[in-house]
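Analysis of the macromolecular model
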Amino acid sequence: MPDSVPVLYSDDALVVVDKPAGLLAVPGRGEDLQDCVVCRVQRLFANALVVHRLDQATSGLMLLARGAAAQRAVSRMFEAREVCKRYVAVVSGLVEGDAGSIDLPLGADWPRRPRQRVDAQAGKASLTRWRVLSRDVAARTTALELEPVTGRSHQLRVHLLAIGHAIVGDMLYAPALPAPRLLLHASALSLAHPVDARALNFSSAVPF
């Protein structure tokens, strides 16, 4: 159905969906921006609430809580960095080294909202770990697995841009690297269940 979203898991406390690229996570401003993940999920689970977001251009795993108590519990887990998220991205250039981290403070680029930027003075601490999955020498691109330790807005996109390896298809930050879509996918999600603490691990195949 065009107004549905793939549900990978659901119980009385949680819903995990596989968000398609191009769909808003939450409603935007304006009549034409009301279609979103939350609205679609709430047609199936009326008490579904947001605990984190994916950019409109990003695809992959998105977690929602069912009810205010579950939302509070999962939100605390995100704040305590007890939810592990991993992404796959294709970036421009051949990244040197096999793994590393990007530790650069980020803040809003107010004159160019919704853009974010590295801000050494007023930015919030932001950390991204990365690992090379493969390199395409002919295309001069690198596939990376990314782990955002913090969860700042546009963190992965701005961090990679800052080290000279913008994500391919990022029309906001790197319009000179066109692609049919942003090549960024939320591929793995792990957490302890907020009710009974059992380990939950979800994965989503990379669609590019």
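For the structure, see preceding data.
So, here is what we can say about the structure in this document. (Residues numbered from 1 in each chain as written. Predicted model: local features only at pLDDT ≥ 70, side-chain atom pairs only at ≥ 80, totals over all residues. Heavy atoms only, no water.)

**Overview of the nonpolar core**
Where we set the bar: Remark: nonpolar core denotes a set of buried residues (Ala, Val, Leu, Ile, Met, Phe, Trp, Tyr, Cys) joined through side-chain atoms within 4.5 Å. Any residue under 20% of the maximum accessible area for its type is buried, any over 50% is exposed, and the rest in between are partly exposed; the area is computed with a 1.4 Å probe on protein chains only. Helical segments are the DSSP runs of H or I of at least four residues, strand segments are the runs of E of at least two, and each set is numbered from the N terminus. Whether two residues are in contact is decided by their heavy atoms, any of which lying within 4.5 Å being enough.
Val17, Val41, Leu64, Leu144, Leu146, Ile167 and Leu184 are the most contacted members of the largest nonpolar core, which totals 34 residues. For this core, the secondary-structure elements that each account for two or more residues are strand E2 (14-19), helix H1 (37-42), strand E4 (59-66), strand E5 (84-92), strand E9 (127-136), strand E10 (141-148), helix H3 (155-162) and strand E11 (184-192). In terms of residue count, the dominant contributor to this core is E5 (four residues). Leu146 has contacts with Lys85, Arg86, Tyr87, Ala89, Thr128, Arg129, Trp130, Leu156, Leu160 and Leu184, leaving out every residue within four places of it along the chain. Judged by nonpolar contacts, the second largest core, of 17 residues, contains Val51, Leu63, Leu191 and Leu200.

**A closer look at the side chain of Ser126**
For the record, the criterion: Here a polar contact is taken to be a pair of N or O atoms separated by no more than 3.5 Å, where protein atoms must pair a possible hydrogen donor with a possible acceptor and residues adjacent in sequence count only if both atoms sit in side chains.
If you trace the backbone, Ser126 turns up in the loop between strand E8 (116-118) and E9. A polar atom in the side chain of Ser126 sits 2.9 Å from the backbone oxygen of Lys124. When neighbours within four sequence positions are excluded, Ser126 is seen to be in contact with Ile102, Asp103, Leu104, Pro105, Leu106, Thr150, Arg152, Gln155 and His159.

**Here we look at the side chain of Thr150**
Take Thr150: it is sitting in the loop between E10 and H3. Within the local environment of Thr150, its side chain forms a polar contact with the backbone nitrogen of Leu127, the two atoms lying 2.9 Å apart.

**Re the pattern of salt bridges**
To be explicit about the condition: In the sections that follow, a salt bridge refers to a side-chain nitrogen of Lys or Arg positioned within 4 Å of a carboxyl oxygen of Asp or Glu.
Within the structure shown, the criterion is met by 12 salt bridges. A salt bridge links Arg129 to Glu147; the nearest nitrogen and oxygen atoms lie 3.6 Å apart. With a gap of 18 residues between them, Arg129 in strand E9 and Glu147 in strand E10 connect regions that are remote in the sequence. Judged by its relative accessible area of 41%, Arg129 is partly exposed. Three or more residues are tied together by salt bridges with common partners; here these are Arg86, Arg129, Arg131, Glu145 and Glu147.

**Here's the deal with unusual backbone geometry**
The general pattern is negative phi for most residues beyond glycine and trans for most peptide bonds. A cis geometry characterises the amide bond from Arg113 onward to Pro114, with omega recorded as 10°. Within the secondary structure layout, Pro114 lies in the loop between strand E7 (106-108) and E8. Positive phi values are uncommon outside glycine, yet Arg81 reaches one of about 60°. By the element assignment, Arg81 lies in the loop between helix H2 (68-79) and E5. By relative accessible area, which is 52% here, Arg81 ends up exposed. A positive phi angle, close to 70°, is found at Ala197, a residue other than glycine. As for its placement among the helices and strands, Ala197 is situated in the loop between E11 and strand E12 (199-203). For Ala197, a relative accessible area of 53% puts it in the exposed group.

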